[in-house]
Amino acid sequence: MSTIKTPKESLTVMTEIVMPNDTNQMNNLFGGQLLSWMDRCCAIAAHRHCKRQVVTSTINNVSFKNPIPHGAIVTIEAKVSRAFTSSMEVIADVFLEEQRPNGSRIKANEGIFTFVAVDQLGNPINIPEIQPETELEKERFAAALRRRQLALIIAGKMEPAQATELKALFYPEESAQ
């Protein structure tokens, strides 16, 4: 596929309210419920990027930085940060608003997911490239390659010496030569 897209074309925004059945014994949102909402939001963003059926490959990282209390309004914003051959990394930023007059919007959590585009038989298919535009998109685009290289090394699918982006991070003098 030779089409080039931008991260903003995949932007997906979902909003939920934390109801009593979404909470744990501390009266905060269950982590598993948040993961489910994030996975759905990220899946839609991945689909918007490639316009094909997508499946969750990995949940690379989820940071539960702040508890989300019962009654809070949760907004999840997801965008594709990098596209590879058939897989794409999607980052979800989670914000909360408390329902009170001065309730501000704060970033509560974030997560990094990987999706693979598949055909009707479940086989991986090629997807469009992505071209970041903003500084944040460029930072996330570059970091996605480092995360992918690390995952491939851990999975035994890449030799550490081949991980040029990781090597540059730890040995900048070697990469400058």
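Cut-offs applied
Each chain has its residues counted from 1, following the order in which its sequence is written. Confidence filtering applies because this is a predicted model: local features only for residues at pLDDT of at least 70, side-chain atom pairs given and counted only at 80 or more, and all residues used for totals across whole chains, interfaces and linings. The basis for every side-chain value is the complete set of non-hydrogen atoms in the structure, without hydrogens or water. Think of a patch as exposed residues, more than 30% relative accessible area, with no salt bridge, where like charges cluster within 9 Å and nonpolar side chains (Val, Leu, Ile, Met, Phe, Trp, Tyr) cluster within 5 Å. To measure how exposed things are, a 1.4 Å probe is used in the Shrake-Rupley method; for residues, cover is taken only from the protein chains shown. By definition, a salt bridge exists where a carboxyl oxygen of Asp or Glu is found within 4 Å of a side-chain nitrogen of Lys or Arg. Strands are runs of DSSP state E lasting at least 2 residues, helices are runs of H or I lasting at least 4, and numbering of each runs from the N terminus. A 1.4 Å probe rolled over the protein chains alone gives each residue an accessible area, and that area as a share of the maximum for its type sets the label: buried under 20%, exposed over 50%, partly exposed in between. Side-chain rings of Phe, Tyr and Trp (the six-membered ring for Trp) are treated as a pair once their centres are within 6.5 Å; stacked means planes under 30 degrees apart, edge-to-face means over 60, and tilted covers the remaining angles. In this scheme, the term charge over a ring applies when either NZ of a lysine or CZ of an arginine sits within 6 Å of the ring centre and within 35 degrees of the ring normal. Should DSSP find at least two bridges between two strands, the strands are regarded as paired. Axes here refer to lines fitted to C-alpha atoms; in helices the fit is confined to the stretch in contact. Angles between the N-to-C directions go from 0 to 180 degrees. In what follows, residue pairs with any heavy atoms lying within 4.5 Å of each other are defined as contacts. A 3.5 Å cut-off defines polar contacts: any pair of N or O atoms within that distance qualifies, except that in protein one atom must be a possible hydrogen donor and the other a possible acceptor, and neighbouring residues in sequence count only when both atoms are side-chain atoms.

Colleague: Would you mind showing me how to read a nonpolar patch on the surface here?
Modeller: Together, Leu169, Phe170 and Tyr171 make up a nonpolar patch on the protein surface, roughly 360 Å² of accessible area in all. Topologically, Tyr171 is positioned in the loop between helix H3 (164-170) and helix H4 (172-175). The class for Tyr171 is partly exposed, based on a relative accessible area of 46%.

Colleague: How should I be thinking about the packing of aromatic side chains in this particular structure?
Modeller: When we look at a pair of aromatic rings, we describe it by the centre distance and by the angle of the planes. For the coordinates displayed, the defined rule picks out one aromatic pair. Here Phe113 and Phe115 contribute two aromatic rings whose centre-to-centre distance is 6.5 Å and whose plane-to-plane angle is 20°, an arrangement assigned as stacked. A cation over a ring is seen here: Arg105 above Phe95, with NZ or CZ 4.0 Å from the ring centre.

Colleague: Help me understand the sheet that holds strand E6 (residues 105-118) in this model?
Modeller: What links the strands of a sheet is backbone hydrogen bonding, and the strands pair in either a parallel or an antiparallel sense. Strand order in this open sheet of five strands is E2-E4-E5-E6-E3, and the pairing throughout is antiparallel. Looking along the sheet, the strands with just one partner apiece sit at the ends: strand E2 (12-17) and strand E3 (53-64). Ignoring which end each strand starts from, the neighbouring axes of this sheet average 25° apart. In this fold helix H1 (residues 31-50) packs onto E2, E3, strand E4 (73-83), strand E5 (87-97) and E6, with an angle of close to 45° to the strand it touches most, E4. Lying on the sheet, helix H2 (residues 135-154) is in contact with E4, E5 and E6; it crosses E4 at an angle near 70°.

Colleague: Is there a simple way to explain the side chain of Lys5 in this structure?
Modeller: Tracing the backbone through its elements, the reader meets Lys5 in strand E1 (residues 4-5). Only 2.8 Å separates the side chain of Lys5 from the backbone oxygen of His49, close enough to count as a polar contact. For Lys5, the contacting residues outside a window of four places in its chain are Arg48, His49, Lys51, Pro128, Glu129, Ile130 and Gln131.

Colleague: Hey, could you run me through the pattern of salt bridges in this one?
Modeller: For side chains of opposite charge, pairing can occur when their charged atoms come near one another. For the structure shown, the criterion picks out nine salt bridges. Here Arg140 makes a salt bridge to Asp93, at a shortest N to O gap of 3.0 Å. Taken as a pair, Arg140 in helix H2 and Asp93 in strand E5 lie far apart in primary sequence, 47 residues in all. In this pair, the class of Arg140 matches that of Asp93, namely buried. One network of salt bridges, with partners in common, ties together Lys65, Asp93, Lys107, Glu110 and Arg140.

Colleague: So what exactly am I meant to see when it comes to the pairing of E4 here?
Modeller: Put simply, side chains in a regular strand alternate between the two faces of the sheet. Of all eleven residues in E4, eight are buried, a share of seventy percent or more. Where E2 lies against E4, six bridges are found, and the strand directions are antiparallel. When the bridges of E4 are listed, Thr12 appears paired with Ala78. In this structure, E4 lies alongside E5, joined through ten bridges in antiparallel fashion. Note on E5: the bridge partner recorded for Ala83 is Met88. The turn linking E4 back onto E5 is made up of three residues.

By themselves, these are just geometric observations and shouldn't be taken as functional.
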